[in-house]
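Chain and residue survey
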Amino acid sequence: MYSMKHVEFQEMTQKDIELLYEAVKVAHESMLGGNHPFGAILADEDGNVLLTQGNCSSETSPCLHAETQLMIKAGGMFSPQKLEKCTLYSTAEPCVMCSGAMYWTNVRRLVYGISERQLLALTGSNDLNPTFDLPCEEVFEKGQKDVVICGPTKDEALIAAIVEDHRCFWK
């Protein structure tokens, strides 16, 4: 029998903030490599970093978002049971595609820096980043798995660090 699961919202921990700062470093490196400034990290239940990934969409495909690539790698390396206990850290709220990749890979906790709407305010109607106005929570609410979301961050310094690379990149 199909049963609608819910999305649970939680406050970020200090460890979550620290790992988001690490994702900012990944995003910055991505930007320095000529890619969009997005970074993602997969951490286990103890906060140990398992994988990192920056955007590579300028290389071969617009679908190579940091989060989707990270989930593809993780799905090939770890069991669904291990991934269920992991957290995806992302500098920005995952888009529809990236939320779907997280869902299908079985990662059940998400921590992100800025919202899709905050990102849209930075990029505008840039053809290189045609954002969806569809929050990730709405994507997860349509699924059958429980997902915990922590975000967007309220840490002003972290927001500034994320926004800085976007201001430089999208101008």
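Heads up: the structure comes first, above all this text.
This write-up is about the structure you can find in this document.

The rules behind each value
- Residues numbered from 1 in each chain as written.
- Predicted model: local features only at pLDDT ≥ 70, side-chain atom pairs only at ≥ 80, totals over all residues.
- Heavy atoms only, no water.
- Helix = DSSP H or I, 4+ residues; strand = E, 2+ residues; numbered from the N terminus.
- Rg over C-alpha atoms; globule rule 2.2 N^0.38 Å.
- Contact = heavy atoms within 4.5 Å.
- Areas by Shrake-Rupley, 256 points an atom, 1.4 Å probe, with all protein chains shown as cover.
- Buried < 20%, exposed > 50% of the residue type's maximum accessible area, 1.4 Å probe, protein only.
- Salt bridge = Lys/Arg side-chain N within 4 Å of Asp/Glu carboxyl O.

Next up on the list: the overall build of the protein chain. Of regular secondary structure, the protein chain possesses 7 helices and 6 strands. Order of helices (α) and strands (β) in the protein chain, N terminus to C terminus: β-α-β-β-α-α-β-α-β-α-α-β-α. Expected size for 171 residues packed as a compact globule is a radius of gyration near 16 Å; at 15 Å, the protein chain falls within 12% of this value. Across its three principal axes, the protein chain shows a C-alpha extent of roughly 50 × 35 × 30 Å. Put simply, 65% of the contacts in the protein chain that link residues at least 6 apart link residues at least 24 apart. Total accessible area on the protein chain stands at roughly 8,600 Å², and carbon and sulfur atoms take up 54% of it.

So, about helix α4 (residues 96-105). By the criterion of burial, α4 is predominantly enclosed, with 7 of the 10 residues buried. Taken together, the buried positions of α4 are occupied by C98, S99, G100, A101, M102, Y103 and T105. Just downstream of α4 lies N106, where phi reads positive at about 85°.

Time to look at the pattern of salt bridges. For the structure on display, the rule yields 5 salt bridges. When the shortest N-O distance is used, the salt bridge between R109 and D16 registers 2.7 Å. With a gap of 93 residues between them, R109 in strand β5 (residues 109-114) and D16 in helix α1 (residues 14-32) connect regions that are remote in the sequence. The pair formed by R109 and D16 is uniform in burial state, with each residue classed as buried. The salt bridge involving D133 is made with R117; its shortest N-O contact spans 2.9 Å. One end of the pair, D133, is in the loop between α5 (116-123) and α6 (136-141); the other, R117, is in helix α5, with 16 residues separating them in the sequence. Residue D133 shares its accessibility class with R117, and that shared class is exposed.

So, on to the side chain of S99. Within the secondary structure layout, S99 lies in helix α4. The residues contacting S99, other than those within four sequence positions of it, are P94, C136, V139 and F140.

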